[in-house]
Amino acid sequence: IIVIAGLLFGGGATVNAAQDDLPGQPLYGIKTASEDVSVQLENNPEAKIVRLMELAQIRIQEMTQLIEKGETPPDQVRDRLEQHLREALQTCTNLDDATLDRTLLQLRDQLRQQDRDMDQLQLHSNPDAQLLLERTRTMLQLRLQVVEDGLLNHEQFRYTIRNGQEDDQTLPTPNG
């Protein structure tokens, strides 16, 4: 009860202090919990997608910081990155076509940059981190392909995402 009360009444300072923590550090759980709340409280789909992509970039930055320290990022960071991207794409399925086009173009640019960041990170990582970074790059490339396909066919994109098939290389069409 004391901890909960402390977070409620003095939580702003704690949450702010947690923003620089990396996985394995004491306040990292508070950081990720506050991020989750910020996404849940966002009612505007476009703003929610922007926030999710900001969080995805934070995960990339965490991986970079850990690699620079000679550490292997925990799977938790990659998993959260994937969760942010999955939720951003899911939110896109409810956008009208014009907004979807604009948003997918932005996502494509961000995913391309994140893929380049992972490529550079692999060059400087320790052997233990290589597998995690390769899995992360593969996931980013799959999401990028889904986004690029979505720019060509909105209905196929919506079908793919709504049916959880964004990792499937041989996607069926909505018509069979």
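So, here's what we can say about the structure. (Residues numbered from 1 in each chain as written. Predicted model: local features only at pLDDT ≥ 70, side-chain atom pairs only at ≥ 80, totals over all residues. Heavy atoms only, no water.)

In terms of helices and strands, the protein chain carries seven helices and zero strands. Element order for the protein chain, N to C, with α for helix and β for strand: α-α-α-α-α-α-α. For the protein chain, the accessible surface area stands at approximately 9,500 Å², while carbon and sulfur atoms represent 52% of it. (Helix = DSSP H or I, 4+ residues; strand = E, 2+ residues; numbered from the N terminus. Areas by Shrake-Rupley, 256 points an atom, 1.4 Å probe, with all protein chains shown as cover.)

This part takes up the nonpolar core. Judged by nonpolar contacts, the single largest core of 33 residues is most densely connected at Leu85, Cys92, Leu107, Leu140 and Phe157. The set of elements that each furnish at least two residues to this core consists of helix H2 (28-40), helix H3 (45-68), helix H4 (75-92), helix H5 (97-123), helix H6 (127-152) and helix H7 (154-162). Beyond its immediate chain neighbours, meaning those up to four positions away, Leu140 contacts Ile60, Leu81, Leu85, Leu111, Gln114, Asp115 and Met118. (Core = buried A, V, L, I, M, F, W, Y, C linked by side-chain atoms within 4.5 Å. Buried < 20%, exposed > 50% of the residue type's maximum accessible area, 1.4 Å probe, protein only. Contact = heavy atoms within 4.5 Å.)

Time to look at the pattern of salt bridges. On inspection of all chains with the given rule, the structure shows 19 salt bridges. Measuring nitrogen to oxygen at the nearest pair gives 3.3 Å for the salt bridge that ties Glu54 to Arg51. Separated by three residues within a single helix, Glu54 and Arg51 lie in helix H3, roughly one turn from each other. With a relative accessible area of 39%, Glu54 lands in the partly exposed category. Residue classification places Arg51 among the partly exposed residues on the basis of a relative accessible area of 23%. As a salt-bridge pair, Arg137 and Asp119 come within 3.3 Å of each other at their nearest N and O atoms. Taken together, the residues Arg137 in helix H6 and Asp119 in helix H5 connect sequence positions 18 residues apart. Looking at Arg137, the relative accessible area reads 16%, which means it is buried. Here the salt bridges share partners, and the residues they tie into one network are Lys31, Glu35, Asp36, Arg59, Glu62 and Arg80. (Salt bridge = Lys/Arg side-chain N within 4 Å of Asp/Glu carboxyl O.)

Enumeration over the complete set of coordinates arrives at one cavity of 30 Å³ or more. Taken as a whole, the largest cavity encloses approximately 30 Å³ of empty space. Considering the residues around the largest cavity, the lining is formed by Met53, Leu85, Leu89, Leu107, Leu111, Arg143 and Val147. Of all the secondary-structure elements, those providing two or more residues to the lining of the largest cavity are H4, H5 and H6. (1 Å grid on protein atoms, 1.4 Å probe; cavity = no way out; pocket = protein on both sides within 12 Å on 5 of 7 lines; lining within 4 Å. Points joined across faces, edges and corners; volume = space filled by probe spheres on them.)

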